[in-house]
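Now for the letters of each chain:
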Amino acid sequence: MKELVIISGKGGTGKTSIAASFAVLAGNAVTADCDVDAADLHLVLAPQVQQRGGFRSGHEARIRTEDCGGCGVCARLCRFGAVGQQQGPDGAVTYAIDPLACEGCGLCARYCPQQAIDLKERDCGEWFVSETRCGPLVHASLDAAAENSGKLVSLVRDKARTVAKEGGRELIIVDGAPGIGCPVIASLTGATAVLIVTEPTVSGAHDLERVAAVARHFAVPAWVCVNKWDLNPGMTEQIEATVRRQGMQVAGRVRYDRDVTAAQVAARTIVEFTVNGAGGDVRALWLEMGRCLTV
Amino acid sequence: MRIAIASGKGGTGKTTLATNLAVVAAELGRQVAYVDCDVEEPNGHLFLHPTIARHAPVQVVTPQVLEDVCDGCGQCARVCLFSALVWLGQKPLVFPELCHGCAACVLACPKHAIVERPREVGVVETGSSGAVGFAQGRLTIGEAKSPPVVRAVRSAAPRVDWQIIDAPPGTSCPVVAAVRHCDLVILVTEPTPFGLHDLRLAVATMRRLGVPIAVVINRADVGDDRVDRYCAEEAIPVLLRIPDDRRVAEAYSRGELMVTAVPGMRAALRGLWERIEEQVANGTVAGGSQHANV
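Residues numbered from 1 in each chain as written. Chains lettered and ligands numbered in written order. Predicted model: local features only at pLDDT ≥ 70, side-chain atom pairs only at ≥ 80, totals over all residues. Heavy atoms only, no water.

Undergrad: Help me out: how do you make sense of the overall build of chain A in this one?
TA: Broken down by element type, chain A carries 11 helices and 11 strands. A principal-axis box enclosing the C-alpha atoms of chain A has dimensions of 75 × 40 × 35 Å. In chain A, which comprises 295 residues, the share counted as buried stands at 57%. The contacts of chain A with a sequence gap of at least 6 include a subset with a gap of at least 24, amounting to 74%. Of the roughly 11600 Å² of accessible surface on chain A, a fraction of 48% belongs to carbon and sulfur atoms. Computing the positive centroid from 30 side-chain charges and the negative centroid from 33, chain A places the two 4 Å apart. (Helix = DSSP H or I, 4+ residues; strand = E, 2+ residues; numbered from the N terminus. Buried < 20%, exposed > 50% of the residue type's maximum accessible area, 1.4 Å probe, protein only. Contact = heavy atoms within 4.5 Å. Areas by Shrake-Rupley, 256 points an atom, 1.4 Å probe, with all protein chains shown as cover. Lys, Arg positive; Asp, Glu negative; His and termini not counted. Charge placed at Lys NZ, Arg CZ, Asp CG, Glu CD.)

This is how it looks when you write it as structure tokens:
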């Protein structure tokens, strides 16, 4: 079983549009949306949810005000500034926990002399296994302002592997997150290959360098595609030269094409929308990646 | 005042807006700093070319087990809820990247065999670009957790009247660290299905944090009108619409500021700045009828 991960460093370079196109062109793959902060593949692939489940991760402390003695031990121990003082209508001082600042270490609960603090598991989101017109899609939604998106990414990848195994499918296409932090690392580790989608801008070039270093750090072979390459042909050449110099492969170029947005508005992938322009470029890119994955 | 520029979706133009807005505010005589909290991929420096006056490492603490003092009771591993200390038969093994630095293990150890050591996870740089103050953070490659670096940038940022915070994309903990306690969060979006979907998520996040919000629509003429309708329904003010313009994209690709490269943008952003000052002066955002076009 092979796992192709598509990431970008910089956001908005066209990662999801390319991942969705690959899902359609592959036909028989499992697709996993690991950009759990801003999951968008479902908007194009129109999934029918078959299976779903809650995602819990970490803990959250809560003080039972009626049992709080107001000693303040919790506030002194908390390293995250999550415990605040409050005053009741009767003037009594008690403490309360800011759920957005609490990291769930449980220290306050352990040392509260009144045992007035409960520690419960935190609900962070939901995962789904769905059917689409191009095979199964594993996706998730992370609750607003939640933590641990890296753990949810790992869960989505695990489910995708199970689905692939059960269905005898040979390829998993993973749409990763932007950036270089925990969701990206969780998307990347142990993958067969990574396709980095960038754009010919100073930001694109800068972010490519950082995300490529992450791929190297985790020893995943990397291919690079410059999207909207004709916005700055000189910069495209420079990026491709850097890519080769750093021992990565150039996978192809996709031109700037307003049909990409038109396809998205029509809830289709660019390769279903047109065989010309960017639609043709993405097909060529897929053929090249297919060749790389079979070698 | 702290104005954060954020978005659910990446690549909608946060950095473009934040850098150009900082320049325009300075031109209008405001004391302003640009604060790059997108520490995984900080890009503002590519447009502002700041002079960096100070570099400071960002450190977090992680436990170190003093092997000659540890008697192998295993209490530290039992109290660690992050699995950053794992019990391996006789001795604990520390996984620094999982550690949140809560000190539970330090306090739990009956032998006082655990000490905290600093570990560098990034760097904060401060300086200036002309009249604009500058601060940025950079997460070390391979590190997973960016919020400590985000918090470090915010505390090292120049103390001026107006801080413009360039937030990371998404809706999870790094964004929360960047926008908490801001006086206004401007969500940059584009009128596409992805843009709208991610805007909804960002709005839910900001409402949960209780920060006032407004929207700027970038590439305003490329998709459909669903973002406009959504903002009207939710009574979220749209402060500016920036039309799709290949000249903006090309100037951006070369690292040029939009206000100098494209005629008309300076006046548009000055108008935006005035509307931002109005929004902040009015306190929480209520109405949804303010509209403006470039």
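Undergrad: How do you make sense of the domain arrangement of chain B when you look at a structure like this?
TA: Accessible area lost when the parts come together is the quantity often used to give the size of an interface. Domain parsing of chain B yields domain 1 (2–31 + 161–281) and domain 2 (60–120). A C-alpha centroid distance of 43 Å is found between domain 1 of chain B and domain 2 of chain B. (Domains from an automatic or database assignment.)

Undergrad: Help me understand helix α1 (residues 14–27) of chain B, please; the structure alone is not making it clear to me.
TA: All names here are of chain B. An ideal rise of 1.5 Å per residue puts 20 Å on 14 residues; α1 measures up with 20 Å between its terminal C-alpha atoms. The element α1 is extensively covered by neighbouring structure, given that 13 of its 14 residues are classed as buried. Residue Gly29 follows α1 closely and has a positive phi angle near 90°. (Expected span 1.5 Å × (residues − 1).)

Undergrad: What should I look at first to understand the sheet that holds strand β8 (residues 171–175) of chain A in this one?
TA: Backbone-to-backbone hydrogen bonds pair the strands of a sheet. The strands run either parallel or antiparallel. Residues and elements named next belong to chain A. If you trace the nine strands from one edge of the open sheet to the other, you get β3-β6-β7-β2-β8-β1-β9-β10-β11, paired in mixed fashion. Each of the sheet's edge strands pairs with one partner strand only, and the pair in question is β3 (48–63) and β11 (249–254). Strand-to-strand twist of the sheet, defined as the mean angle between neighbouring strand axes without regard to direction, takes the value 20°. With five bridges joining them, strand β1 (residues 2–7) and β8 adopt parallel strand pairing. The residue bridging Ile6 from the neighbouring strand is Asp175, located in β8. Contacts from helix α7 (residues 202–217) reach β1, β9 (193–198) and β10 (222–227) within the one sheet, and its direction differs from that of β9 by about 170°. Those strands touched by helix α8 (residues 233–245) are β9, β10 and β11, and its axis lies near 160° from that of β11. (Pairing = 2+ DSSP bridges. Axes fitted to C-alpha atoms, helices over the stretch in contact; angles between N-to-C directions.)

Undergrad: Explain the pattern of salt bridges here, please?
TA: It is possible for side chains bearing opposite charge to pair when their charged atoms get close. All names here are of chain A. Taken as a whole, this structure holds 37 salt bridges over all chains when the rule is applied. Note that Glu240 and Arg253 form a salt bridge whose closest N and O atoms lie 2.9 Å from each other. On the criterion of sequence distance, the pair formed by Glu240 in helix α8 and Arg253 in strand β11 is long-range, its members being 13 residues apart. On the basis of relative accessibility, which here comes to 8%, the residue Glu240 falls in the buried class. (Salt bridge = Lys/Arg side-chain N within 4 Å of Asp/Glu carboxyl O.)

Undergrad: Even after reading the chapter, I still don't get the sheet that holds strand β11 (residues 238–242) of chain B, so can you show me in this structure?
TA: Residues and elements named next belong to chain B. Reading across the sheet, the nine strands line up as β3-β6-β7-β2-β8-β1-β9-β10-β11 and stay open at both edges, with mixed pairing between neighbours. This sheet does not close on itself; its edge strands, each paired only once, are β3 (51–65) and β11. Averaged over all neighbouring strand pairs, the angle between strand axes comes to 20°, with direction disregarded. Note that strand β9 (residues 184–189) and strand β10 (residues 213–218) share five bridges and pair parallel. Bridge pairing in β10 places Thr189 opposite Ile217.

Undergrad: Can you help me understand the pairing of strand β1 (residues 2–6) of chain B in this one?
TA: Two faces, one strand: in a regular strand the side chains alternate between the faces of the sheet. All names here are of chain B. The element β1 is extensively covered by neighbouring structure, given that four of its five residues are classed as buried. Sheet analysis places β1 next to strand β8 (residues 162–166), joined by four bridges and oriented parallel. Across the sheet, residue Ala4 finds its bridge partner in β8, namely Ile165.

Undergrad: I would appreciate a short explanation of the packing of aromatic side chains in the present structure.
TA: Counted under the stated rule, the structure contains four aromatic pairs over all chains. Residues Trp162 of chain B and Trp273 of chain B carry aromatic rings whose centres are separated by 4.9 Å and whose planes lie at 70° to one another, so their mutual orientation is edge-to-face. Of the two residues, Trp162 of chain B sits in strand β8 while Trp273 of chain B sits in helix α11 (residues 265–281), which places them 111 residues apart along the sequence. Across this residue pair, the class does not change: Trp162 of chain B and Trp273 of chain B are buried. Across from the ring centre of Trp127 of chain A, 4.0 Å away, lies the NZ or CZ of Lys159 of chain A, which sits over that ring. When the ring centre of Trp229 of chain A is taken as reference, the NZ or CZ atom of Arg253 of chain A above it lies at 4.7 Å. (Phe/Tyr/Trp six-rings, centres within 6.5 Å; stacked < 30°, edge-to-face > 60°. Lys NZ or Arg CZ within 6 Å of the ring centre and 35° of its normal.)

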